[in-house]
Each structure stands twice: as structure tokens, then as C-alpha cells.
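Descriptive analysis of the structure
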Amino acid sequence: MRDTDFFRRWMAATAAAVEREADQLTELDSPIGDADHGSNLLRGFRAVLPALEAEDPAAPGEVLQLAGRTLISTVGGASGPLYGTLLRRTGKALGEAAEVSDAELREALDAGVTAVAQLGGAAPGDKTMLDALVPGVAALGTSYGAAAEAAENGALATVPLLARKGRASYLGERSIGHQDPGATSSALLIRALADVAEPGEGAR
Ligand code: ADP
Ligand code: MG
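Note that the structure is a prediction, hence the values are computed from the model and not measured. (Residues numbered from 1 in each chain as written. Chains lettered and ligands numbered in written order. Predicted model: local features only at pLDDT ≥ 70, side-chain atom pairs only at ≥ 80, totals over all residues. Heavy atoms only, no water.)

Topic: the side chain of Asp 180
- Position of Asp 180 among the secondary structure elements: in the loop between helix H7 (144-156) and helix H8 (181-197).
- In terms of polar contacts, Asp 180 uses its side chain to reach the backbone amide nitrogen of Ala 183, at 2.9 Å.
- Residue contacts for Asp 180: discarding those within four places in its chain leaves Ile 32, Lys 127, Thr 128, Met 129 and Thr 158. (Helix = DSSP H or I, 4+ residues; strand = E, 2+ residues; numbered from the N terminus. Polar contact = N/O pair within 3.5 Å; in protein donor to acceptor, adjacent residues only side chain to side chain. Contact = heavy atoms within 4.5 Å.)

As for the coordination of the magnesium ion (ligand 2)
- Only Asp 29 (OD), Asp 34 (OD) and Asp 36 (OD) from the protein reach the magnesium ion (ligand 2) as donors, at distances of 2.0 to 2.2 Å.
- Counting residues between consecutive donors of the magnesium ion (ligand 2) along the chain gives the motif D-x4-D-x1-D. The two residues Asp 29 and Asp 36 agree in class, both being buried. (Donors = N, O, S within 2.8 Å, 3.2 Å for Na, K, Ca; no water. Buried < 20%, exposed > 50% of the residue type's maximum accessible area, 1.4 Å probe, protein only.)

A look at the packing of helix H5 (residues 102-120) against helix H6 (residues 130-138)
- Relative to each other, H5 and H6 sit at 155°, their axes nearing to 10 Å. Judged on the interaxial angle alone, H6 and H5 are roughly antiparallel. Note on packing geometry: the crossing formed by H5 with H6 is left-handed. Two secondary-structure elements touch here, H5 through Arg 106, Leu 109, Asp 110, Val 113, Val 116 and Ala 117 and H6 through Leu 130, Leu 133, Val 134 and Val 137. (Axes fitted to C-alpha atoms, helices over the stretch in contact; angles between N-to-C directions. Parallel < 35°, antiparallel > 145°, perpendicular 65-115°, else oblique. Left-handed = near helix turned anticlockwise from the far one by under 90°.)

Structural notes on the packing of aromatic side chains
- In this structure the tally under the stated criterion is two aromatic pairs.
- Taking the centre distance of 5.2 Å and the plane angle of 80° together, the rings of Phe 6 and Phe 7 count as edge-to-face. Judged on exposure class, the residue Phe 6 and its partner Phe 7 are both buried.
- Aromatic ring contacts, followed pair by pair, group Phe 6, Phe 7 and Trp 10 into a single cluster. (Phe/Tyr/Trp six-rings, centres within 6.5 Å; stacked < 30°, edge-to-face > 60°.)

Brief notes about the site of ligand 1
- Neighbouring ligand 1 are 20 residues, the closest being His 37, Asn 40, Ala 78, Ser 79 and Asp 180.
- The backbone of Met 129 places a nitrogen or oxygen atom 3.0 Å from an oxygen atom of ligand 1.
- A distance of 3.2 Å separates an oxygen atom of ligand 1 from a polar atom in the side chain of Arg 167.
- Mapped onto the shell around ligand 1, the elements with two or more residues apiece are helix H2 (37-55), helix H4 (79-94) and H8. (Near = heavy atom within 4 Å.)

Focus on the nonpolar core
- Within the largest apolar cluster, 56 residues are counted, with the highest numbers of intra-cluster contacts made by Phe 7, Trp 10, Met 11, Phe 45, Leu 105 and Leu 193.
- Listed by contribution, the elements that provide at least two residues to this core are helix H1 (4-32), H2, helix H3 (60-74), H4, H5, H6, H7 and H8.
- If sequence neighbours within four positions are ignored, Met 11 has contacts with Phe 45, Val 48, Leu 49, Leu 52, Val 63, Leu 64, Ala 67, Leu 87 and Leu 189. (Core = buried A, V, L, I, M, F, W, Y, C linked by side-chain atoms within 4.5 Å.)

What to know about H5
- The terminal C-alpha atoms of H5, which comprises 19 residues, lie 27 Å apart, in line with the 27 Å expected from a rise of 1.5 Å per residue.
- Looking one or two residues beyond H5, the residue adopting positive phi is Gly 121, at roughly 65°. (Expected span 1.5 Å × (residues − 1).)

Overview of unusual backbone geometry
- The phi dihedral of Asp 56 falls on the positive side, at around 45°, and the residue is not glycine.
- Positive phi outside glycine occurs at Lys 127, with the angle close to 65°.
- Within the element layout of this structure, Lys 127 appears in the loop between H5 and H6.

Observations concerning the environment of Arg 46
- Tracing the sequence through the fold places Arg 46 in helix H2.
- Between the C-alpha atom of Arg 46 and that of Asp 180, which follows or precedes it by 134 residues, the distance is 22 Å.
- Side-chain polar atoms of Arg 46 contact the side chain of Glu 19, separated by 2.7 Å.

What follows is the structure in C-alpha cells.
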């Protein structure tokens, strides 16, 4: 079972990954966006940890809902509401239980990813966050490590895709040949989950 502290550690590990990779995320957002994805997520995740500290949520679902609300209120770009929705909807699905099973977490993440698809109107193959999130969450049925790997492969597989949603879609054919920044940061989120769920088994 996964307790509240597990979810705090997941958010802390994600925040650390965003700190480490922010420049790279912004660089990916330069040719097919407006070069702010790293700084958007930095602003958001730098606010998440103090919010968790201040409000001290007592259940896994509440940790994710607070993190999601914080991202929505601090991130200016499209990714704020999208990540915020992912975490809020996942947290809502977990309810108020003090501990959740891996199967419950998987189902909740599935609901979260569905909500992102509804909000943004995107599907896998559109060169968005969903290209990492959908295969990543699907592979949670195998293991956390497999999920992280599937999400990373999904992000890499966005390179040849034509963007159909978000800012990159304005470029049409010129969006081809670049890795999607949101898919890349989504893979960081799933890798952070694997790192806290299966410490010592990381591929990195
Ligand atoms: P903005 O595009 O407003 O500058 P960011 O740069 O922070 O916001 O985030 C860009 C990322 O958001 C893209 O790389 C893409 O993965 C994701 N994204 C944009 N629009 C959508 C959408 N409609 N559905 C899913 N993801 C999207
Ligand atoms: Mg941007």
C-alpha cells in the first residue's frame, strides 16, 4: 500500500527532476513553442512543495489535488491546467483513503489521463503530453519501471510526429523532427513515480 508520504515523495522527486531538466525542457520548447516549458514547470513545482508543507494534506488523494491546484494557479502556459487536471483528477479518484494500492493508483491515473485528453482535446499521436502519459500509464500494469520506460520511449517517439494540438500545431509540417517538451516532462513525472515506488531499480 502507498501512504501519504509516498505521494509527497513522488511530488518532491518530480520537482527535483524539473529543477534538473528545466533548461532542456525550455530548449525543446524553442523550435516548436515559445521557449517557456521549463520555466513554466519550475514556477509550478517550486510552489508545490511549500504548499504541501503549509497545508500538510492527510491523504494521498489530497496531496495530488493540492499539487494540481497549485500548478493551475501558478503556471501560465497550457501545461499548467493540463498537469493540474491530471493531478487533481487522479487525486479525486483516490478519494480520502489513507493508503492506496498500486491497482487503485493505476486506475486513478487512468482517470487523470482521460481528463487531460478531454480538457485538451488531444489523442495519442498528436505530439503532446499524452504520447508519454498514455503508454506510461498503460505499462503500469507490468511494473513502475516499465511505465517509466514506456513514457520515455513515448516522448522520443514524438520526434517524427506532426503536432495537432497546442502551440506547436501552428507550425504544421515544421513541427516534424522535434521532440515534444510536454511529453518529455510527462516522462519525468512517471520516472519520478518509478523512482519512489521501486527505489534502486532505476534504469538511469
Ligand atoms: P504553452 O504551449 O502555453 O507555452 P508549455 O510550453 O508549458 O505551454 O507546454 C507545452 C506543452 O503542452 C506541449 O509540449 C504539449 O505537450 C502540451 N500541450 C499543449 N496543448 C496540449 C493539448 N491540447 N493537449 C495535451 N497537451 C498539450
Ligand atoms: Mg511554451
